[in-house]
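Below, each chain spelled out in residue letters.
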Amino acid sequence: MFRGWQFFAAVVGSIVLLTASVVFAAPGGKKQPAKPQQAKVYRVAVLEAGTNWVHDKMLKALQNALEESGWGDRVQFPADARSINSWTTMGKAGTARMATQFMQRNDIDLVIGMGTEAAQALLACNNGRTPIVAMTLSDPIGSGVVKSGEDSGVDNLTTCVMPNQWLNMLRLFHTVVRFKKLGVVYEDTAAGRTYTSLEDARDVVREKGVRLVEFSHLPRGATVKQCQDGLTWLVDHGVDAVY
């Protein structure tokens, strides 16, 4: 079984390998193999909507997996092609701006969008040519990044989709814990509700005949203290489990 970074290492390696397998049309329409040339080094851009330790670990693991698979010296992550924005309204505008810049550059062979908002920003300005790999998405289908579990709906987009992942996890959580009042903390925005898999949580509590207690007052880019305050509020309101 692939681990997450091994899957994406295989994806990145496969995409650049396909890009390397160039053929050209000779006069008369007959295809001929491209002439041998020095091995190309592929430049990969990385777009993040905000800092996230999961992103850092995934990228490091991805680079290690590329090394192990023999692609370490063929794939570069240039410093001028990595953008980490902030979880603020201004930061969101910066993510959209950098996505447009990456899509317009001719020296980028592939772009990795880390997280839902980065992937959405890249798709909003997609040039239809540069391969996009979307990583660490909470709900690729629910967020509209992909069309379905079988088809991304976008020819140059690749990501990992596990249908009903959070729904099944919440069902298992109830089977093990047998909670009667489940608490959830989230930012009341489209992205915040997606990150929390809120609709899946609502479906499971209806299915199990239990209650869902929601704290929906987190601001965008909430601090640890603000999250802790939300958890305290849930405990004060009698939850016996928190998702």
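Visitor: So what exactly am I meant to see when it comes to the environment of Asp80 here?
Guide: Following the sequence through the fold, Asp80 ends up in the loop between strand 4 (75-76) and strand 5 (82-84). Distance from Asp80 to Val46, taken between C-alpha atoms, is 9.7 Å for residues 34 residues apart in sequence. Every residue in contact with Asp80, bar those within four places of it in the chain, is listed here: Arg43, Phe102 and Arg105.

Visitor: Please explain the nonpolar core as it appears in this structure.
Guide: Note that soluble globular proteins tend to have their nonpolar side chains buried in a common cluster. Within the largest apolar cluster, 19 residues are counted, with the highest numbers of intra-cluster contacts made by Ala45, Leu47, Phe102, Val111, Leu122, Val145 and Leu157. The contact partners of Leu122, leaving out residues within four places of it in the chain, are Leu47, Ala99, Met103, Val111, Ile112, Gly113 and Ile132.

Visitor: Explanation requested: the packing of aromatic side chains in the structure shown.
Guide: Centre-to-centre distance and the angle between the planes together describe a pair of aromatic rings. Evaluation of the coordinates by the stated rule reveals two aromatic pairs. Between Phe173 and Phe179, the aromatic rings sit 5.4 Å apart at their centres with planes inclined by 50°, giving tilted as the arrangement. The exposure class assigned to Phe173 is partly exposed, which follows from its relative accessible area of 25%. Aromatic side chains Phe215 and Trp233 sit 5.5 Å apart centroid to centroid with 55° between the ring planes, which places their arrangement in the tilted category. Within this pair, whereas Phe215 is found in strand 10 (residues 211-215), its partner Trp233 is found in helix 8 (residues 224-236), the two being separated by 18 residues in sequence. On the basis of relative accessibility, which here comes to 12%, the residue Phe215 falls in the buried class.

Visitor: Explain the environment of Tyr186 here, please?
Guide: Structurally, Tyr186 is set in the loop between strand 9 (181-185) and helix 6 (190-195). Given the relative accessible area of 4%, Tyr186 is considered buried. On a C-alpha basis, the gap between Tyr186 and Gly230 in space is 8.7 Å, while along the polypeptide they are 44 residues apart. Not counting the four nearest positions on each side in its chain, Tyr186 is found in contact with Gly192, Arg193, Thr196, Leu198, Arg202, Glu214, Phe215, Ser216, His217 and Leu218.

Definitions and limits used
Residues numbered from 1 in each chain as written. Predicted model: local features only at pLDDT ≥ 70, side-chain atom pairs only at ≥ 80, totals over all residues. Heavy atoms only, no water. Helix = DSSP H or I, 4+ residues; strand = E, 2+ residues; numbered from the N terminus. Contact = heavy atoms within 4.5 Å. Core = buried A, V, L, I, M, F, W, Y, C linked by side-chain atoms within 4.5 Å. Buried < 20%, exposed > 50% of the residue type's maximum accessible area, 1.4 Å probe, protein only. Phe/Tyr/Trp six-rings, centres within 6.5 Å; stacked < 30°, edge-to-face > 60°.

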